[in-house]
Amino acid sequence: FFNTPPKNENTAMPPPPAAGVVFPLDDQGKRSTTSINQGAFAAAAKAIDPKLAASVTEEKKWRGKYTKHIGAHVEAGLKTPEAAIKSAQAGLDYLHTTMQFVRGEKSMTLREAMKTLTPATSPFHTHVIKGARKPGASPLEVPYNGKLLSGDALEAQVEKWVRLGVIELSTGASIMQAAQNPGWRDLSDLHICMLGASSAMGPFPLLMNMGANVIAVDIDRAGIWEKLIKTAKEGCGTLILPTKEKLGANASDEEVAKVAGCNLLTETPEVYSWLASVRKERANKQLCVGAYAYLDADKFVMISCAMDAIIEKLIADTQFPKPALAYLCTPTDFHVCPATARDAAMDNLRKSPTWLSLIASLLSFSPKLALKRNARKLVTAEDGTQFAVVDALVKEQGPNYALAKRLQHWRAMTSREQGCVVSTNVAPSTATASVVSNRLFALAYKGFHYVKPAEVAQPELSNSVMTALLVNDLRSPTSIARPVADGGRPLRNPLELFRDNAFHGGAWRTGYAFGSIGTPAVIAYLFNVGVVKPYLVAYNLAQFVGWSMALAATVQCMAAAGGMPDGVELWKAAGPGISKWQWFAVMEVVHAAVGMVRSPVGTTGVQVFSRLVLVEVLNGLSVKQAEGIAPFIAAMSIAWSVTEVVRYPFYGLGILGMCPKFLTFLRYTLFLVLYPMGVSGEMGVLNKTLPQLATALPETKNWLLRNVLQPGLSSSHSWPTVCAIYALCFPPLYFYMLGQRKKVLGGKPKEPKAKKQ
């Protein structure tokens, strides 16, 4: 299933000659990625723990076992703050002095290339494009599940994410700070350099809408620049871009796109030179540099090194204030996490659904597929400080991806220590085109939401929330991104920089380690698509047909009687169908218990059981003896039947993603009448039948009536108790549905006013 077609060696094109940032040649004349990858972590470890370095160096199966060494590297850095910085700097130095830069026939280290090949005058020209709209604060809107959330709706969703464990508390607070301070979102005073401006995870469109001055660096492809230029012109920001030719102010978009762009990999020194010239022209402007470029496999390490070489020189330039830095951390890494996240992971492990526990037991026989506990042992520093850590590394992503992201961590930590503002927040696992192009990852992403609280984000959601966190980091005086010299919060260890503001999508709080839940996620998705969804659609269809027949029987009986029939006749007509389909609804408790639906088991069980009480009371007692009961049976039967005739197709079509608007309207409107009508009927039925329970014959064949209902409802206090139960339970349910109606059918929420800090 996952195999790729074999290559035809006779027609395969030879690889292009090496150019720009590349891996060095090994003894066999090949550019090995494994040895450099392993060497980088060994160098970082050697600076603080020679034994750990030896363990890394001696590893014979690096690609299969690199994850455990990354974890050990992070834990070693937690021993002291100095160890974290020393190790990070050693890793950076290794990469800058080992990775090569090839130009023509010459090859030199990347650091040497940045020193000797950076031209005094940039070979690129600068072109500026201004947006059509006037700069100003725009509302923070977050696209989620087909809706644009802002104001109260956004706040409610953020609170829900925090409650479920999709994000951390600090993350929610930072997003809402960005939302509640409109002035922060006017970025016309900021210059933000985007290395990889067209990145799927980058904030370019949102920055343009916030009025930012974006210095865009991206590959010289006309199609890419046409999109960037179009986005810039539709916004209120300013696009500053490199061109190979000097253009006039009236140049068309097509003319600009043809000569725009540069190559981060092959023109790294020249890109820095151009950025330095732009910076000089805007010497008094605050600069933020974001590393957003991404390439697959080993090229991700190469382009990450290229971006880091540029950033290193920008930081070292003492003519200007130190730039702020921006990174997007991956949740699939080894991180320091809040202790509350670790506690939640242990709690979620204890509460694992039955199906997940069963799969965990089955997979335990395979070391490669076995599920691992997410909550790890606390790491104790030399001074006794304890840190909670989480291992969410996904081995299948490969060591090159892990090294590229670790390089960014190293630069983030050392730069904050040097006085830079560093925004480096964990972004959620996102269904970008590059990720879901891998079939296995695509299937896992579709099934992650079955493993609570894991949630995969769509690119537009990630863009919006991560931009909000960036705004908070650049604007808030209390942001963790700020260095201590700038009033920032001291950290117990530099590795805590990645702990706050994590939008990890539940990866830190799942019961089982995020890197091990891919297999059960795939199984859950395939089982749900192939078995559960068809079954639930069939179940809802059957219930719809059954309750339609019950409703028809009730209406026909009343029509035949020319009004209100006798209670016996009415229940004789409606009772068999209502009883049958209400007992069938016991399956809904099973659905909730095994995780087929999201309904809470307790609530579902109470709702189903309460109806069964009424059904069996009517089935087991003499309706004929209950004078005046017919109107109550009619009210109850019609209310139940109409409710279910709407509810079941609403659920069934919703599963198929094709629920019509009128059905949604009926679902959240008819209850306004049907709920009071049904409760009135239920209470009337109980009022008329309770006296019989005290005298009902004990030899009745109705087991539920004899063993459960008669002992509980035959006392003199039963009717006051029933009234009290309805008085306590009905209003909260009714007001909950009113809230749901407002949420589903209501208007656009208001944008909150700015709050004083």
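Residues numbered from 1 in each chain as written. Predicted model: local features only at pLDDT ≥ 70, side-chain atom pairs only at ≥ 80, totals over all residues. Heavy atoms only, no water.

For soluble globular proteins, nonpolar side chains are generally found buried alongside one another. Leu 95 and Leu 275 are the most contacted members of the largest nonpolar core, which totals 118 residues. The leading source of residues in this core is helix α12 (residues 298-316), at 12 residues. Apart from the residues lying within four places of it in its own chain, the contact partners of Leu 275 are Cys 193, Leu 195, Ile 215, Val 217, Ile 310 and Leu 314. In this structure, Leu 190, Ile 192, Met 201 and Met 208 belong to the second largest nonpolar core, which totals 56 residues. (Core = buried A, V, L, I, M, F, W, Y, C linked by side-chain atoms within 4.5 Å. Buried < 20%, exposed > 50% of the residue type's maximum accessible area, 1.4 Å probe, protein only. Helix = DSSP H or I, 4+ residues; strand = E, 2+ residues; numbered from the N terminus. Contact = heavy atoms within 4.5 Å.)

Quick look at a nonpolar patch on the surface now. On the surface, Leu 541, Val 545 and Met 549 cluster together into a nonpolar patch covering about 290 Å² of accessible area. Looking at where Leu 541 falls in the secondary structure, it is placed in helix α19 (residues 518-561). On the accessibility criterion, Leu 541 (52% relative accessible area) is exposed. (Patch = residues over 30% accessible without salt bridge, like charges linked within 9 Å, V, L, I, M, F, W, Y side chains within 5 Å. Areas by Shrake-Rupley, 256 points an atom, 1.4 Å probe, with all protein chains shown as cover. Salt bridge = Lys/Arg side-chain N within 4 Å of Asp/Glu carboxyl O.)

Turning our attention to the confidence of the model for the protein. Summarising the model, the protein shows a mean pLDDT of 88, and 92% of its residues fall at 70 or more. Within the protein, helix α4 (residues 81-98) carries the highest mean pLDDT (97), whereas helix α26 (residues 703-713) carries the lowest (58). The low-confidence segment residues 1-13 (pLDDT under 50) makes 4 contacts with residues lying over four places distant or belonging to another chain. Low pLDDT, under 50, characterises residues 748-757; the predicted model gives this stretch 24 contacts beyond four residues in sequence or across chains. (pLDDT = per-residue confidence, 0-100.)

A surface patch of negative charge is lined by Glu 82, Glu 382, Asp 383 and Glu 417. As for its position among the elements, Glu 382 is in the loop between β13 (379-380) and β14 (386-391). Relative accessible area serves as the criterion here: at 66%, Glu 382 is assigned to the exposed category. (Lys, Arg positive; Asp, Glu negative; His and termini not counted. Charge placed at Lys NZ, Arg CZ, Asp CG, Glu CD.)

Another aspect to go through is the pattern of salt bridges. The tally for this structure, following the rule as stated, stands at 24 salt bridges. For Arg 376, the salt bridge identified is with Glu 75, shortest N-O distance 3.2 Å. Here Glu 75 lies in helix α3 (residues 62-77) and Arg 376 lies in the loop between α14 (354-363) and β13, a separation of 301 residues in the sequence. Close ionic contact of Lys 351 with Asp 347 constitutes a salt bridge, the shortest N to O distance being 3.1 Å. For Lys 351, a relative accessible area of 59% puts it in the exposed group. The class of Asp 347 is partly exposed, set by a relative accessible area of 25%.

Under the criterion given, the structure shown has 18 aromatic pairs. Judged by centre distance (5.7 Å) and plane angle (45°), the rings of Tyr 445 and Phe 448 are tilted. Of the two residues, Tyr 445 and Phe 448, both sit in the buried class. These aromatic residues form a ring-pair network of at least three members: Tyr 535, Tyr 539, Trp 581, Phe 584 and Tyr 648. The lysine or arginine in question, Arg 647, covers the ring of Tyr 648, its NZ or CZ lying 4.5 Å from the ring centre. Over the ring of Tyr 668 we find Arg 667; its NZ or CZ atom is 6.0 Å from the centre of that ring. (Phe/Tyr/Trp six-rings, centres within 6.5 Å; stacked < 30°, edge-to-face > 60°. Lys NZ or Arg CZ within 6 Å of the ring centre and 35° of its normal.)

With that out of the way, let us pick up the sheet that holds strand β9 (residues 238-243). Ordered in space as β4-β9-β8-β7-β10-β11-β15, the 7 strands form an open sheet in which the pairing is mixed. Pairing within the sheet leaves two strands with one partner each, and these edge strands are β4 (125-130) and β15 (422-426). Pairwise comparison of adjacent strand axes, ignoring direction, gives a mean angle of 20° for this sheet. As paired elements, strand β8 (residues 213-217) and β9 share 3 bridges and run parallel to each other. When the sheet's bridge partners are listed, Val 214 is paired in β9 with Leu 239. In the packing of helix α9 (residues 222-234) onto the sheet, contacts are made with β4, β8 and β9, and the angle to β9 comes to roughly 155°. The strands touched by helix α15 (residues 399-417) are β10 (286-291), β11 (324-329) and β15; relative to β11, the strand with the most contacts, the crossing angle is about 145°. (Pairing = 2+ DSSP bridges. Axes fitted to C-alpha atoms, helices over the stretch in contact; angles between N-to-C directions.)

Now for the packing of helix α1 (residues 34-46) against helix α2 (residues 50-58). Where α1 contacts α2, the axes come no closer than 7 Å and their chain directions differ by 170°. One element, α1, and the other, α2, form an angle in the roughly antiparallel class. Here α1 contributes Gln 38, Phe 41, Ala 42, Ala 45 and Lys 46 to the contact with α2, which in turn contributes Pro 50, Leu 52, Ala 53, Val 56 and Thr 57. Along the lines of polarity and charge, the residues of the contact of α1 with α2 split into 7 nonpolar, 2 polar and 1 charged. (Parallel < 35°, antiparallel > 145°, perpendicular 65-115°, else oblique. Nonpolar A, V, L, I, M, F, W, Y, C, P; charged D, E, K, R; others polar.)

In this section: helix α20 (residues 567-584). Taking 1.5 Å per residue, 18 residues should reach 26 Å; α20 reaches 24 Å between its end C-alpha atoms and fits that length. Along its length, α20 reaches its greatest deviation from straightness, about 45°, at Ala 574, and the proline Pro 576 lies no more than four positions downstream. Of the positions making up α20, those classed as buried are Gly 567, Leu 570, Trp 571, Ala 574, Gly 575, Ile 578, Ser 579, Trp 581 and Gln 582. Against α19, α22 (601-620) and α23 (630-655) lie the buried residues of α20. One side-chain oxygen at the N-terminal end of α20 lies 2.9 Å from the backbone nitrogen of Val 568; it belongs to Asp 566. (Expected span 1.5 Å × (residues − 1). Bend = angle between axes of the 7 residues up to and from the residue. Polar contact = N/O pair within 3.5 Å; in protein donor to acceptor, adjacent residues only side chain to side chain.)

Its location among the elements puts Met 564 in the loop between α19 and α20. You can call Met 564 partly exposed: its relative accessible area is 42%. Distance in space between the C-alpha atoms of Met 564 and Pro 631 is 7.0 Å, their sequence separation being 67 residues. Apart from the residues lying within four places of it in its own chain, the contact partners of Met 564 are Met 558, Ala 630, Pro 631 and Ala 634.

Working note: non-glycine residues mostly have negative phi, and peptide bonds are mostly trans. In this model, Lys 452 is joined to Pro 453 through a cis peptide bond whose omega is 0°. If you check the backbone angles, Asn 145 has positive phi at about 55° while not being a glycine. Structurally, Asn 145 is set in the loop between β5 (142-144) and β6 (147-149). The phi dihedral of Asn 501 falls on the positive side, at around 60°, and the residue is not glycine. Looking at the secondary structure, you find Asn 501 in the loop between α18 (459-475) and α19. Residue classification places Asn 501 among the buried positions, given a relative accessible area of 4%.

Glancing now at the sheet that holds strand β2 (residues 100-103). Strand order in the open sheet made by the 3 strands is β1-β2-β3, with antiparallel pairing throughout. Both outer strands of the open sheet, β1 (20-22) and β3 (106-109), are each paired with one neighbouring strand and no more. Strand-to-strand twist across the sheet, computed as the mean angle between neighbouring axes with direction ignored, equals 30°.

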